[in-house]
Amino acid sequence: MVLVHIILLGFNAIALQSLSAIFGRESVFGKNENARAVLIVSSQKSLLSVLMVVEQLGGALGESGLLVLPCVAAQINQVIIDSFLANFWLHKDQSSSKIKKS
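Residues numbered from 1 in each chain as written. Predicted model: local features only at pLDDT ≥ 70, side-chain atom pairs only at ≥ 80, totals over all residues. Heavy atoms only, no water.

Caption draft 1: Quick look at the overall build of the chain. Of regular secondary structure, the chain possesses four helices and zero strands. Tracing the chain from N to C terminus, the helices and strands come up as α-α-α-α. A compact globule built from 102 residues should have a C-alpha radius of gyration of about 13 Å, whereas the chain, at 18 Å, is more than 25% larger. On the principal axes, the C-alpha backbone points of the chain span a range of 60 × 30 × 15 Å. Considering only contacts in the chain between residues 6 or more positions apart, those separated by 24 or more positions represent 66%. When the accessible surface of the chain is split by element, carbon and sulfur atoms take 69% of a total near 7,300 Å². Positive and negative side-chain charges of the chain, numbering 8 and 6 respectively, have mean locations separated by a distance of 16 Å. (Helix = DSSP H or I, 4+ residues; strand = E, 2+ residues; numbered from the N terminus. Rg over C-alpha atoms; globule rule 2.2 N^0.38 Å. Contact = heavy atoms within 4.5 Å. Areas by Shrake-Rupley, 256 points an atom, 1.4 Å probe, with all protein chains shown as cover. Lys, Arg positive; Asp, Glu negative; His and termini not counted. Charge placed at Lys NZ, Arg CZ, Asp CG, Glu CD.)

Spelled out as structure tokens, the structure:
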């Protein structure tokens, strides 16, 4: 699931760049804050969807509670990856604003 998340981050980044090019830099997609939020949110898998699928299995592949554990771990990994990404962007913005002030 982490690999899928990274692939979706790349795909969604390209899609946002395309939308920004089509609609212009002044559009909603052209603003960094909006594009970053859309990128992170659209790349995460929904834990609730996984829970519904596991529930529909009705124990066919094992105990439902045990099947959910790897899904929860994958969701936590996605949140950690996105936290590092947001922190990287924060430091990048802070360093670029310091350069502009100089």
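Caption draft 2: Looking closely at the layout of surface pockets. Its boundaries defined by the atoms lining it, the largest pocket holds a volume of some 290 Å³. In this structure, the largest pocket is lined by 15 residues; those nearest its centre are Gln-17, Asn-32, Ala-35, Arg-36 and Trp-89. Elements supplying a minimum of two residues to the lining of the largest pocket: helix H1 (2-23), helix H2 (32-43) and helix H4 (64-101). The residue inventory of the lining of the largest pocket, partitioned by class, reads seven nonpolar, four polar and four charged. (1 Å grid on protein atoms, 1.4 Å probe; cavity = no way out; pocket = protein on both sides within 12 Å on 5 of 7 lines; lining within 4 Å. Points joined across faces, edges and corners; volume = space filled by probe spheres on them. Nonpolar A, V, L, I, M, F, W, Y, C, P; charged D, E, K, R; others polar.)

Caption draft 3: Summary view of H4. The terminal C-alpha atoms of H4, which comprises 38 residues, lie 56 Å apart, in line with the 56 Å expected from a rise of 1.5 Å per residue. Those residues of H4 that sit buried are Val-68, Cys-71, Ala-74, Gln-75, Gln-78, Asp-82 and Trp-89. Among the structural elements, H1, H2 and helix H3 (47-57) are those in contact with the buried residues of H4. (Expected span 1.5 Å × (residues − 1). Buried < 20%, exposed > 50% of the residue type's maximum accessible area, 1.4 Å probe, protein only.)

Caption draft 4: Quick peek at the packing of H1 against H4. It is at 10 Å that the axes of H1 and H4 come closest, and there the two elements cross at 40°. The orientation of H1 relative to H4 falls into the category oblique. In this structure, H1 meets H4 at a crossing whose hand is right-handed. Listed contacts from H4 to Val-2, His-5 and Leu-9 of H1 are Asn-77, Gln-78, Ile-81, Asp-82 and Leu-85. Class assignment for the residues of the contact of H1 with H4 results in four nonpolar, three polar and one charged. (Axes fitted to C-alpha atoms, helices over the stretch in contact; angles between N-to-C directions. Parallel < 35°, antiparallel > 145°, perpendicular 65-115°, else oblique. Left-handed = near helix turned anticlockwise from the far one by under 90°.)

Caption draft 5: Focus on the nonpolar core. Counting residues in each nonpolar core, the largest one holds six residues, listed as Leu-9, Leu-16, Ala-35, Leu-39, Ile-40 and Trp-89. Secondary structure elements with two or more residues in this core: H1 and H2. At three residues, H2 tops the list of elements feeding residues into this core. Sequence-distant contacts of Trp-89, that is, excluding residues within four places in its chain, are made with Arg-36, Leu-39 and Ile-40. (Core = buried A, V, L, I, M, F, W, Y, C linked by side-chain atoms within 4.5 Å.)

Caption draft 6: Spatial organisation of a nonpolar patch on the surface. Together, Ile-22, Phe-23, Val-28 and Phe-29 make up a nonpolar patch on the protein surface, roughly 420 Å² of accessible area in all. Structurally, Phe-29 can be placed in the loop between H1 and H2. (Patch = residues over 30% accessible without salt bridge, like charges linked within 9 Å, V, L, I, M, F, W, Y side chains within 5 Å. Salt bridge = Lys/Arg side-chain N within 4 Å of Asp/Glu carboxyl O.)

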